[in-house]
Amino acid sequence: MAYINANYLNLKDSYLFSEINRKVREEAAKNPEKKIIRMGIGDVTLPLVPEVVSAMHKAVDEMASAETFRGYGPEQGYEFLREDISKYYAAFGVEVAPGEIFISDGTKSDIANITDIFSDDNTIIVPDPVYPVYVDTNIMCGRKIVYVAGTAENNFLPMPSADLKGDIIYLCSPNNPTGAVYSKEQLEIWVEFALANQAIILFDAAYEAYIHDASLPRSIYQIAGARKCAIEFCSLSKTAGFTGTRCGYTIVPEELVMQEVSLNKLWNRRQSTKFNGTAYVIQKAAQAIYTPEGQKQVHEQVEYYMQNARIIADTLKEKGISFVGGDNSPYIWLKCPNGMKSWEFFDHLLVNLGIVGTPGAGFGENGEGYFRLTAFGNRENTIEAMQRIKDLL
Ligand code: PLP
């Protein structure tokens, strides 16, 4: 008899985006003439930048000729890309060797797969609210999860309390959904906590490209001691519009050793057994981001979204609605006005203003009463949505 992984039965139905889509469909059917503006889903809208497209075309041509065709590549990623990412970090003072960088098809897979190299006896520390993948992937392993609360009192940046106990700590900065970003001093406290408890920090830097304030860390390795206690994940999805192209990377420093075992070696073993590498064409596309022209083009894209974020933030300020995020992140996390609950405010915005956002309650208990807007829409729609908020909310 085959037994299932019964831990899956403990997962809550992930109905957030399907419920949003259902409500939007119903509203559209009722009012077909209404223009509904979507500011909910965290997907980008701008196309790939020219530098990336051109590199991709060239790589496709290479694949079309026997002399330049590539079959299986290294499971860890091609050296050319690992080296360029290493140089990218060096440019802001962080030393990461190419051998510590593992290229993947995106950060979601790596965040999920990293659970493979840790025992299910670990206690997991997860901020609430946060990207739901951390919680669900650990429920799948049947692990104990302890939540640290992100609230208005701590600016949605939970810190370790004196009695906090745990072995694996997920941190997301800039945070999805709140847009809150940890300061250097706050990350120093987390690193100290991890070192004192022989715990590991899993640092999700998917939105690092949105950090404009030079005093805020873009990488956990800007903190002394982090190479001994942290794994970092980064994605090109929001940095360069790769949500559909798929590329990310994970950094596992050589100094990361637990029970005398190198985690770099363990992750390498996991990847080379269960993963056959990211497509050559995609890695060539990713490499194009790190050329001077590629950097310029992707910065312009990020700046476009950040201008949307400023437009949203200015409107909320004008309306006296309190919020965090939007200054060093593409997410704006607002308190639902008049004490409304997340879904109540969702319905109100959809029905009366034709705007779709994401109810905060979908990101954890502490998200109730909050709401996420994203800056990933196009400019025209963002302006129109904010005008509706000014006029009608
Ligand atoms: N981490 C966070 C915090 C995210 O918000 C997302 C995507 O929304 C990801 C990781 C996943 O990124 P990728 O597209 O590389 O799988």
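Residues numbered from 1 in each chain as written. Predicted model: local features only at pLDDT ≥ 70, side-chain atom pairs only at ≥ 80, totals over all residues. Heavy atoms only, no water.

**Student:** What's the story with the nonpolar core in this structure? I'm lost.
**Tutor:** Soluble globular proteins: nonpolar side chains tend toward being buried together. Ranked by size, the top nonpolar core spans 86 residues in total, and within it Tyr89, Ile169, Trp190, Ile201, Ile220, Phe242 and Tyr249 carry the most contacts. The leading source of residues in this core is helix H11 (residues 342–353), at 6 residues. Not counting residues up to four positions away in its chain, the partners in contact with Ile201 are Ile169, Leu171, Trp190, Val191, Ala194, Cys229, Ala230 and Ile231. If you look at the next biggest cluster of nonpolar residues, it comprises 25 residues, including Ile124, Val135, Leu202 and Trp267. (Core = buried A, V, L, I, M, F, W, Y, C linked by side-chain atoms within 4.5 Å. Buried < 20%, exposed > 50% of the residue type's maximum accessible area, 1.4 Å probe, protein only. Helix = DSSP H or I, 4+ residues; strand = E, 2+ residues; numbered from the N terminus. Contact = heavy atoms within 4.5 Å.)

**Student:** Is there a simple way to explain the site of the ligand in this structure?
**Tutor:** In the neighbourhood of the ligand, 13 residues make up the surrounding shell, with Thr107, Asp204, Tyr207, Ser235 and Ser237 lying closest. Residue Asn176 places a side-chain N or O atom 2.7 Å away from an oxygen atom belonging to the ligand. Within the contact set of the ligand, an oxygen atom lies 2.6 Å away from a side-chain nitrogen or oxygen of Tyr207. Isolated, the ligand exposes 400 Å² of accessible area, and the fraction of that covered by the protein chains is 90%. Mapped by element, the contributors of at least two residues to the shell around the ligand are helix H4 (107–113) and helix H7 (237–240). Of the residues belonging to the shell around the ligand, the class tally is 4 nonpolar, 5 polar and 4 charged. (Near = heavy atom within 4 Å. Polar contact = N/O pair within 3.5 Å; in protein donor to acceptor, adjacent residues only side chain to side chain. Areas by Shrake-Rupley, 256 points an atom, 1.4 Å probe, with all protein chains shown as cover. Nonpolar A, V, L, I, M, F, W, Y, C, P; charged D, E, K, R; others polar.)

**Student:** Explanation requested: the packing of helix H3 (residues 79–90) against helix H9 (residues 280–287) in the structure shown.
**Tutor:** Geometry of a packed helix pair, given as the angle between the helix axes and the separation of the axes. Contact geometry for H3 and H9: axes closest at 9 Å, N-to-C directions at 25°. Classified by the interaxial angle, the pair formed by H3 and H9 is roughly parallel. Crossing geometry of H3 relative to H9 is assigned as left-handed. Between H3 and H9, the contacting residues are Phe80, Leu81 and Asp84 on the first element and Tyr280, Gln283, Lys284, Ala286 and Gln287 on the second. A class-by-class count of the residues in the contact of H3 with H9 yields 4 nonpolar, 2 polar and 2 charged. (Axes fitted to C-alpha atoms, helices over the stretch in contact; angles between N-to-C directions. Parallel < 35°, antiparallel > 145°, perpendicular 65-115°, else oblique. Left-handed = near helix turned anticlockwise from the far one by under 90°.)

**Student:** Explain the sheet that holds strand E6 (residues 200–204) to me, please; I cannot follow it from the model alone.
**Tutor:** Whenever strands of a sheet pair, they do so through backbone hydrogen bonds, lying parallel or antiparallel. Ordered by their spatial adjacency, 7 strands build an open sheet running E2-E8-E7-E6-E5-E3-E4, and the pairing between neighbours is mixed. Pairing within the sheet leaves two strands with one partner each, and these edge strands are strand E2 (101–104) and strand E4 (144–149). For this sheet the average axis-to-axis angle between neighbouring strands, irrespective of direction, equals 20°. By the bridge criterion, 4 bridges tie strand E7 (residues 230–235) to strand E8 (residues 248–251) in an arrangement that is antiparallel. Within the sheet, the bridge partner assigned to Glu232 lies in E8 and is Ile251. The strands touched by helix H6 (residues 184–196) within the sheet are strand E3 (123–128), strand E5 (168–172) and E6, with E5 carrying the most contacts at an inclination of about 165°. (Pairing = 2+ DSSP bridges.)

**Student:** Help me understand helix H10 (residues 292–318), please; the structure alone is not making it clear to me.
**Tutor:** Because an α-helix packs 3.6 residues into every turn, residues spaced three or four apart end up facing the same way. For H10, spanning 27 residues, the distance from its first C-alpha to its last is 38 Å, which sits close to the expected 39 Å at 1.5 Å a residue. Following H10 by one or two positions, Gly320 has its phi on the positive side, about 70°. (Expected span 1.5 Å × (residues − 1).)

**Student:** What should I look at first to understand the packing of aromatic side chains in this one?
**Tutor:** One pass over the full model with this rule turns up 22 aromatic pairs. Residues Tyr88 and Tyr290 carry aromatic rings whose centres are separated by 5.3 Å and whose planes lie at 70° to one another, so their mutual orientation is edge-to-face. Here Tyr88 is found in helix H3, whereas its partner Tyr290 is found in the loop between H9 and H10, with 202 residues between them in sequence. Judged by its relative accessible area of 13%, Tyr88 is buried. Residue classification places Tyr290 among the buried positions, given a relative accessible area of 14%. With centroids separated by 4.8 Å and ring planes inclined at 20°, the aromatic side chains of Tyr134 and Tyr170 adopt a geometry described as stacked. Here Tyr134, found in helix H5 (residues 133–139), pairs with Tyr170, found in strand E5; they are 36 residues apart in sequence, far enough to count as distant. Relative accessible area serves as the criterion here: at 2%, Tyr170 is assigned to the buried category. Taken together, the ring pairs in this structure connect Tyr207, Tyr210, Tyr304, Tyr305, Tyr331 and Phe376 into an aromatic cluster. (Phe/Tyr/Trp six-rings, centres within 6.5 Å; stacked < 30°, edge-to-face > 60°.)

**Student:** What is the right way to read the packing of helix H2 (residues 50–63) against H9 from this model?
**Tutor:** Where H2 contacts H9, the axes come no closer than 8 Å and their chain directions differ by 150°. One finds that H2 runs roughly antiparallel with respect to H9. Handedness of the H2/H9 crossing: right-handed. On the side of H2, the interface is formed by Val52, Ala55, Met56, Ala59, Val60, Glu62 and Met63, while H9 contributes Tyr280, Val281, Ile282, Lys284 and Ala285. Residue composition of the contact of H2 with H9, grouped by class: 10 nonpolar, no polar and 2 charged.

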